Amino acid sequence: MSHPNWKRVVIKVGSALISPNKQGCSSHYLLSIAQFIVRCRANGTQVVLVSSGSVAAGAHLFPDHEKSNIAVKKAMAAAGQTEMIATWDRLFDFPSAQMLLTHADLRDRERYVSIRETIFSLLEHNVLPIVNENDTVTTDKLKVGDNDNLSAMVAAAADADALIICSDIDGLYNKNPHDHDDAELLKKVDTIDASIYAMAGGAAEGGVGTGGMRTKIEAAEKAVSHGIDTYIINGFTELSFNMLLAGKNPGTHFSPYDKPMLENVHWMRHTSNAQGEVIVEGDFDSSLENDSEQLTSSEIVDVKGEFSVGDTILVRKADGTKLVKAKSNYSSCLLNFIANQENDDFASEFEDKTGPIISDQHVANLEKE
Ligand code: GLU
């Protein structure tokens, strides 16, 4: 049997597979996924598992809970996480490791690099990393919010060559297959554009997890721009996994970009959040690509928010137009100080000595964020 030549894959498994009837964890659907992971590893492919299911697995311990109570949901996640990890761990005869992450961890460059190093060390020592969002510590501002997007960020951090997202249907259809008998499965998507998002529709309603098809497309977009082959497959059937191992596409395959973004630019675009804003006037505009034009303090009319050296910032025009997302090489405090200098010579001498105000700038598709 031929198998794909992957060096490293990330597989994302959703809550509905872990806890199909919300009565704790069930290994019913996990057996074929575990078998797939075992066979990948036997073929020399390293695997990172991104597993949802803590909330669903812990729900039965809080029978009289109010659905909207966030504190109880976090308690479910805390209790369900141990059960979920124990369930996975029982299915393997090699060690696994739990990694709980938040968006705050991933968007901080130092923590991001530390996460990468941990993943690589685990893989090097044949330990299976099992990643989930750290639901107990997140607030709206700090969370990724869904494990589809988290899995793409993890795939980028892990330098994976494939991301496999398990769904409850066979892949992306041109219309909702639950409502339309003539819905057709898209076997291959080369470009993720507005028409693809339109097919994905809104977030899933009434499901066990939080992700619908839309978040899977967002994840695919993040992954393919990093050069990662992405598949949405039906995780409920063993056939999907057998086909993948035979080098066949069981669902929808999203082709990776020919020229993937550089690792730091990808992180800037898809993982980091702007910590503050710089409002500019004058000629500094979005025609700048590849660091060709430099922002100078004389163009800055306002600095919003508090940020430190190395944080991601957004450069906007006064009318709100987003121009550039970039790394700030100045703190908000220092930038405010030099932007407010009456004497332009002082500011430009300062910049000459200290270096460019921003770097790693990224200009494409900012209005979508
Ligand atoms: N982190 C959540 C959990 O483990 C799941 C988020 C999702 O379903 O995407 O329950």
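Please read these numbers as outputs of a predicted model, since none were measured by experiment.

Enquirer: With reference to specific residues and values, describe unusual backbone geometry.
Expert: We note that Asn-126 has phi near 60°; this positive angle belongs to a residue other than glycine. Along the chain, Asn-126 falls in the loop between helix H6 (109-124) and strand E4 (128-133). Phi is positive for Asp-159, which is not a glycine, with a value near 50°. By the element assignment, Asp-159 lies in the loop between helix H7 (147-157) and strand E5 (162-167). The exposure class assigned to Asp-159 is partly exposed, which follows from its relative accessible area of 34%.

Enquirer: Pulling in residues and values, what's your account of the environment of Glu-83?
Expert: Mapped onto the elements of the fold, Glu-83 is located in helix H4 (residues 70-90). Judged by relative accessible area, which is 26%, Glu-83 ranks as partly exposed. Residues Glu-83 and Ala-156 lie 73 residues apart in sequence; the distance between their C-alpha atoms is 28 Å. At a separation of 3.0 Å, a polar atom in the side chain of Glu-83 contacts the main-chain amide nitrogen of Cys-25.

Enquirer: An account of the sheet that holds strand E7 (residues 229-234) is needed here, citing residue identities and associated values.
Expert: Overall, mixed pairing links the 8 strands, which are arranged E3-E4-E2-E1-E5-E7-E8-E6 in an open sheet. Of all strands in the sheet, those with a lone pairing partner are strand E3 (96-101) and strand E6 (188-189), marking the two edges. Here 3 bridges tie E7 to strand E8 (residues 252-254), and the two strands are oriented antiparallel to one another. In the strand pairing of E8, Thr-230 is matched with Phe-254. Sitting on the sheet, H6 touches strand E1 (8-13), strand E2 (46-51), E3 and E4, and the angle it makes with E3 is about 170°. Those strands touched by helix H10 (residues 238-245) are E1, E5 and E7, and its axis lies near 150° from that of E7.

Enquirer: Please set out H7 residue by residue, giving values where relevant.
Expert: The buried fraction of H7 is high, at 11 of 11 residues. Residues of H7 that are buried include every one of Asn-147, Asp-148, Asn-149, Leu-150, Ser-151, Ala-152, Met-153, Val-154, Ala-155, Ala-156 and Ala-157, and no others. Trailing H7 by a residue or two, Asp-159 shows a phi angle of about 50°, which is positive.

Enquirer: So what's going on with the packing of aromatic side chains? Which residues, and what values?
Expert: For the structure shown, the criterion picks out 6 aromatic pairs. With centroids separated by 4.9 Å and ring planes inclined at 25°, the aromatic side chains of Phe-92 and Phe-94 adopt a geometry described as stacked. We note that Phe-92, like Phe-94, is buried. Every member of this aromatic cluster is reached through a ring pair, and the members are Trp-88, Phe-92 and Phe-94. Over the face of the ring belonging to Phe-94 we find Arg-41, whose NZ or CZ atom lies 3.5 Å from the ring centre. Here the basic side chain of Arg-109 rests over the ring of Trp-267, its NZ or CZ set 5.1 Å away from the ring centre.

Enquirer: Can you lay out a negative patch on the surface for me, pointing to particular residues and giving the numbers?
Expert: On the surface, a cluster of negative charge is contributed by Glu-342, Asp-344, Asp-345, Glu-349 and Asp-352. Mapped onto the elements of the fold, Asp-345 is located in helix H13 (residues 344-354). Since its relative accessible area comes to 52%, Asp-345 is described here as exposed.

Enquirer: Explain the nonpolar core to me, and be specific about the residues and the numbers.
Expert: One finds Val-154, Leu-172, Ile-192, Ile-217 and Phe-254 to be the most contacted residues of the largest nonpolar core, which totals 47 residues. Counting residues per element, the ones that place at least two in this core are E2, E3, H6, H7, E5, helix H8 (194-200), helix H9 (213-224) and helix H11 (263-271). For this core, the element with the highest residue contribution is H7, accounting for 7 residues. Setting aside residues up to four positions removed in sequence, Ile-192 forms contacts with Tyr-197, Ile-217, Ala-220, Glu-221, Val-224 and Phe-254. Of all hydrophobic cores here, the second largest spans 31 residues; its members include Ile-18, Cys-25, Cys-166 and Ile-233.

Enquirer: Lay out the pairing of E3 in plain terms, naming residues and giving numbers.
Expert: On a regular strand, each side chain points to the face opposite its neighbour's, so the side chains alternate between the two faces of the sheet. Only one face of E3 is covered, namely the one carrying Ala-97, Met-99 and Leu-101; the face carrying Ser-96, Gln-98 and Leu-100 has none of its residues buried. In terms of strand pairing, E3 meets E4 through 6 bridges, oriented parallel. Note on E4: the bridge partner recorded for Leu-101 is Glu-133.

Enquirer: I'd like to hear about the side chain of Thr-312, residue by residue, with values.
Expert: Examined against the element boundaries, Thr-312 turns out to sit in strand E11 (residues 312-317). With relative accessibility at 2%, the residue Thr-312 sits in the buried group. Within the structure, Thr-312 has its side chain in polar contact with the side chain of Ser-272 (distance 3.1 Å). With residues near it in sequence (within four places) discarded, Thr-312 still touches Trp-267, Met-268, Ser-272, Asn-273, Ala-274, Gln-275, Gly-276, Lys-325 and Ala-326.

Conventions we followed
- Residues numbered from 1 in each chain as written.
- Predicted model: local features only at pLDDT ≥ 70, side-chain atom pairs only at ≥ 80, totals over all residues.
- Heavy atoms only, no water.
- Helix = DSSP H or I, 4+ residues; strand = E, 2+ residues; numbered from the N terminus.
- Buried < 20%, exposed > 50% of the residue type's maximum accessible area, 1.4 Å probe, protein only.
- Polar contact = N/O pair within 3.5 Å; in protein donor to acceptor, adjacent residues only side chain to side chain.
- Pairing = 2+ DSSP bridges.
- Contact = heavy atoms within 4.5 Å.
- Axes fitted to C-alpha atoms, helices over the stretch in contact; angles between N-to-C directions.
- Phe/Tyr/Trp six-rings, centres within 6.5 Å; stacked < 30°, edge-to-face > 60°.
- Lys NZ or Arg CZ within 6 Å of the ring centre and 35° of its normal.
- Patch = residues over 30% accessible without salt bridge, like charges linked within 9 Å, V, L, I, M, F, W, Y side chains within 5 Å.
- Areas by Shrake-Rupley, 256 points an atom, 1.4 Å probe, with all protein chains shown as cover.
- Salt bridge = Lys/Arg side-chain N within 4 Å of Asp/Glu carboxyl O.
- Lys, Arg positive; Asp, Glu negative; His and termini not counted.
- Charge placed at Lys NZ, Arg CZ, Asp CG, Glu CD.
- Core = buried A, V, L, I, M, F, W, Y, C linked by side-chain atoms within 4.5 Å.

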